[in-house]
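# Per-entry structural report
If you want the building blocks of each chain, they are given just below.
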Amino acid sequence: MEELQKMNEPELVGCFEDALQFDHIYAVYQPQINHSTGRMVGAEALMRWKHPIYGVQMPGDFIPVLEKNNLIYRADLHIFETVCKFQRKCLDQGISIIPISVNMSRYDIYNTNYVEEIEAIRMKYDIPVQYLRLEITESSAIGGLELITRVLRQLHDRGYTVEMDDFGSGYSSLNILKDLDVDVIKLDMAFLAGKIGGRGGTILSSIVQMTKWLGTPVIAEGVETMEQADYMKSTGCNYIQGYLYYKPLSEEEFLVKMMQLDHEPLTPGMHLVKTLDAGKFWDPNSMETLIFNNFVGGAAIFTYDVENHALDILRVNRKYVKELGMNMSEHEIIGKDPWAFHDEKSREKYEKALKRAIEFKDEEMVETWRTFVSDCCGEDRICIRTYLRVIGDAGTQYLFYSMVQNVTAEKKRDIQLAEDEARYKFAFEQANVYAWEYTIATKEMRPCFRCMRDLGLPPLIKNYPEPVIENGVFPLDYADMYRDWHKQLEQGVDYLEAIIPLTVGRVPFHVRYTLEKDENGRPLKAYGSATLVIDEK
């Protein structure tokens, strides 16, 4: 191994001009890979210094010296030009290039000519702007937010992509992300600190979800193990930079890898429907939030990961909580795995509805029974009718808006009616009773099973009662009386009954009609029955 000799500050400063002129300060390249596809999505150019006598100098030693002596600005421009030279050489040779990120320090930002100078370099080598990205560190924004905002605006006006490097390493990450319009987030893997999951993993997962709402791609930086990469993939972050795939490569090594690997672009975190503004939706004072909380029924926002079959509730309104009727809090609902409320059958049915909504890009309705437990109400099983609609997607993860109704009482009534009908049908089968339902407005009659079996009637008879008079079920001498009954039912008579001889055998039956009216008192349906008159003599 080459022996390193650390240079002191005067030596570094004294050698700086030669280092630029003879490329002792140079760039190495660390590829960025989509962990799901193995394709290259970009690379980062990292500054290195190799003195012809003293050898390689560590960045942690020479960069602070350059910053202290106001030399870092020129070094950064040198690296930017080095990258442009490399890309120009590739383009001239017909080699497909990828976007390369170049670090931009806070000292660069304080120089008011920085954007003009890098733009002049880019135009000198005629590099399409989409192949150059600028990286700022989170710490560089602290204390100079107004200045950096202006620089970012200038970069965006010229078409540059801006990345925030080392996100999460500072103390103002959320405020910085809120205030700075960056295009890509690079996560500091120090959160995991050798341990997968835990509090750090939870924070990383939350950051990934948050950036998806902003439509911002996320790159995990410093990934060293397959376990770390797989964990980040499980959170929805597929883009990886680190020693797991590649250490920083020399220009020659990087060129080989760039030619060997397929390329693909970075994609936004979450494609939202055009009518949804993520920023406004999460603003507690926005009209979108006001409507969500007060002017719609029970509603929720959640994500569904098709690959991992995972649900994650992001937000519910007060009416959603009320619909459950279990005196649960929003925290209890959001903090628990949604699948915990479903049994296997209910979960399978719900997932099929989610996939239909994804496939057909339309609203889907599903009814599922779920079991909820609360401290005050104990355990209860309720039926929830849910209307589902996709409002955003990010690869295998989809964002859903759902409206819910608690239809437990309705379903229990349906179940009771079905049970009553089954018992009624069984009783009919055991007794000499025939029954039918007559819809007054349409003059349609629906006979019971015994009517169809014994009398040969079809499942639906139109223009009732004429067909049963014609086929002899009701004798002709009783036809006018029976027609008059139906006129009386149309007029609102509640109850009719008489003993009528039926069929060609003129078998006496006790025929009854009971009228059902709608909420306005108008005749709706009549329920008829015919019970055999038994002579007990």
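Here the structure is a predicted model, which is why all the values come from computation and not from measurement. As a convention, each chain's residues are numbered from 1 in the sequence order in which they are written. Two thresholds apply to this predicted model, a pLDDT of at least 70 for residue-level local features and 80 or more for giving and counting side-chain atom pairs, whereas whole-chain, interface and lining totals are computed over all residues. Side-chain descriptors were evaluated using all non-hydrogen atoms of the structure, hydrogens and water having been removed beforehand.

Below, the discussion takes up the overall build of the chain. Only DSSP runs of H or I with at least four residues qualify as helices, and only runs of E with at least two residues qualify as strands; both kinds are numbered from the N terminus onward. Helix and strand content of the chain: 20 helices and 20 strands. Here the chain holds 537 residues, and the buried ones make up 45% of them. Here, two residues are considered to be in contact whenever any of their heavy atoms come within 4.5 Å of each other. Expressed as a percentage of contacts within the chain between residues at least 6 apart in sequence, the contacts between residues at least 24 apart total 58%. Surface exposure here means Shrake-Rupley accessible area, sampled with a 1.4 Å probe, where a residue is shielded only by the protein chains that are shown. For the chain, the exposed surface amounts to about 27700 Å²; the carbon and sulfur share of it is 52%. To sort residues, take the accessible area from a 1.4 Å probe on protein chains only and compare it with the maximum for the residue type: under 20% means buried, over 50% means exposed, and anything in between is partly exposed.

Taken in spatial order, the five strands of this open sheet run β17-β16-β20-β19-β18, and their pairing is antiparallel. The sheet terminates laterally at β17 (444-447) and β18 (495-502), the two strands that pair on one side only. Taken over all neighbouring pairs, the strand axes of this sheet differ in orientation by 20 degrees on average, direction set aside. In this structure, strand β19 (residues 507-517) lies alongside strand β20 (residues 523-532), joined through nine bridges in antiparallel fashion. Considered in β20, the bridge of K517 is made with P523. Only the contacting stretch of a helix is used when fitting its axis, a line to C-alpha atoms as for every element, and angles between N-to-C directions run 0 to 180 degrees. Packing against the sheet, helix α20 (residues 479-491) makes contact with β16 (433-439), β18, β19 and β20, and its axis sits at approximately 165 degrees to β18. Two strands form a pair only when DSSP identifies at least two bridges running between them.

The subject of this paragraph is the pattern of salt bridges. Salt-bridge detection follows one rule: a side-chain nitrogen of Lys or Arg within 4 Å of a carboxyl oxygen of Asp or Glu. Applying the stated criterion to the full structure yields 30 salt bridges. Between E264 and R39 there is a salt bridge, and its shortest N-O distance comes to 3.6 Å. With E264 in the loop between α11 (251-260) and β10 (271-272) and R39 in the loop between β1 (25-34) and β2 (40-51), this residue pair connects regions lying 225 residues apart in the sequence. The class for R39 is partly exposed, based on a relative accessible area of 37%. A salt bridge links R389 to D362; the nearest nitrogen and oxygen atoms lie 3.6 Å apart. One end of the pair, R389, is in strand β14 (residues 378-394); the other, D362, is in the loop between α16 (344-360) and β13 (364-374), and 27 residues separate them in sequence. The class of R389 is partly exposed, set by a relative accessible area of 35%. On the basis of relative accessible area, D362 is assigned to the partly exposed category, the value being 41%. Within the structure, one salt-bridge network assembled from shared partners comprises E44, E135, K186 and E221.

Right, let's get into empty space enclosed by the protein. Residues are said to line a cavity or pocket when one of their atoms sits within 4 Å of a point; the points come from a 1 Å grid over protein atoms alone, cavities being sets where a 1.4 Å probe fits but cannot get out and pockets being open sets with protein on both sides within 12 Å along at least five of seven lines. Grid points are joined across faces, edges and corners, and a volume is the space filled by probe spheres set on the points. With the rule as written, the count across this model stands at one cavity of 30 Å³ or more. Looking at the largest cavity, its volume works out to about 160 Å³. As for the largest cavity, its lining consists of 16 residues, of which I313, Y320, P338, Y350 and R370 are closest to the centre. Among the secondary structure elements, those contributing two or more residues to the lining of the largest cavity are β11 (298-305), β12 (310-316), α14 (318-324), β13 and β15 (397-406).

Let's shift gears to the nonpolar core. Ranked by internal contacts, the top residues of the largest apolar core, which has 75 residues, are F80, I136, L155, L187, M232, F254 and M258. Of all the elements, helix α3 (residues 72-92) adds the most residues to this core, at ten residues. Residue contacts for F254: discarding those within four places in its chain leaves Y29, P31, M40, A43, F86, I98, I100 and L249. Residues A435, W436, C448 and A479 belong to the second largest nonpolar core, which totals 28 residues. The criterion is simple. A nonpolar core is a set of buried Ala, Val, Leu, Ile, Met, Phe, Trp, Tyr and Cys residues joined through side-chain atoms within 4.5 Å.

A few words on the packing of α3 against helix α5 (residues 114-125). Two quantities define a packed helix pair, namely the angle between the helix axes and the distance between the axes. Remark: α3 packs on α5, axes separated minimally by 9 Å, with the N-to-C direction vectors making an angle of 20 degrees. In terms of their interaxial angle, α3 and α5 are classed as roughly parallel. Judged by the sense of rotation from one axis to the other, the crossing of α3 with α5 is right-handed. Across the interface between the two elements, Y73, L77, F80, E81, C84, K85 and R88 of α3 pack against Y114, E117, I118, I121, R122, K124 and Y125 of α5. Under the scheme applied, nonpolar residues are Ala, Val, Leu, Ile, Met, Phe, Trp, Tyr, Cys and Pro; charged residues are Asp, Glu, Lys and Arg; polar residues are all the others, including Gly. Along the lines of polarity and charge, the residues of the contact of α3 with α5 split into eight nonpolar, no polar and six charged. Relative orientations are named as follows: roughly parallel for angles under 35 degrees, roughly antiparallel for angles over 145 degrees, roughly perpendicular for angles from 65 to 115 degrees, and oblique for any other angle. Crossing handedness follows the turn of the near helix against the far one: under a right angle anticlockwise gives a left-handed crossing, and clockwise gives a right-handed one.

The next point concerns the environment of H309. Inspection of the secondary structure puts H309 in the loop between β11 and β12. Distance in space between the C-alpha atoms of H309 and T396 is 9.9 Å, their sequence separation being 87 residues. Dropping the residues within four chain positions of it, H309 is found in contact with Y304, W339, R347, E351 and K355. Polar contacts involving the side chain of H309 include one to the side chain of E351, which spans 3.1 Å. Distance and chemistry together define a polar contact, namely a pair of N or O atoms within 3.5 Å, with one atom able to donate a hydrogen and the other to accept it when in protein, and with adjacent residues in sequence counting only for side-chain atoms on both sides.

We now examine the side chain of E119. The residue E119 is located in helix α5 in this model. Among the residues examined, E119 registers a relative accessible area of 12% and is labelled buried. There is a polar contact of 2.6 Å between the side chain of E119 and the side chain of Y160. Dropping the residues within four chain positions of it, E119 is found in contact with R158 and Y160.

Relative to the helices and strands, D312 is located in strand β12. Judged by relative accessible area, D312 falls into the partly exposed class, the value being 32%. Sequence spacing of D312 and K336 is 24 residues, and the spatial spacing of their C-alpha atoms is 8.7 Å. Once you skip the residues sitting within four places of it in the chain, D312 turns out to touch I301, F302 and T303.

A word on helix α2 (residues 59-68). What α2 keeps buried is the set F62, V65 and L66. Angular distribution of buried residues about the axis of α2 spans 100 degrees; they occupy a single face of the element. In α2, the exposed positions angled more than 90 degrees off the buried face are occupied by G60 and K68. The secondary structure elements touched by the buried residues of α2 are α1 (9-21), β2, β3 (55-57) and α3. Just past α2, the residue N70 takes up positive phi, approximately 55 degrees. Here the arc refers to the set of directions running from the helix axis out to each C-beta atom.

Working definition: a ring pair exists when centres of Phe, Tyr or Trp rings (six-membered ring for Trp) sit within 6.5 Å. Plane angles under 30 degrees give stacked, over 60 give edge-to-face, the rest tilted. Applying the stated criterion to the full structure yields 16 aromatic pairs. Judged by centre distance (5.8 Å) and plane angle (50 degrees), the ring pair of Y438 and Y464 falls under tilted. Here Y464 lies in the loop between α18 (449-455) and α19 (466-470) and Y438 lies in strand β16, a separation of 26 residues in the sequence. With a relative accessible area of 1%, Y438 lands in the buried category. Ring-pair connections join several aromatic residues into one group, and the members of that group are W436, Y438, Y464, F474, Y482, W485 and Y513. Its guanidinium or amino end placed over the ring of Y434, R450 lies 4.5 Å from that ring's centre, counting from NZ or CZ. Only lysine NZ and arginine CZ atoms are considered, and such an atom sits over a ring when it is within 6 Å of the ring centre and within 35 degrees of the ring normal.

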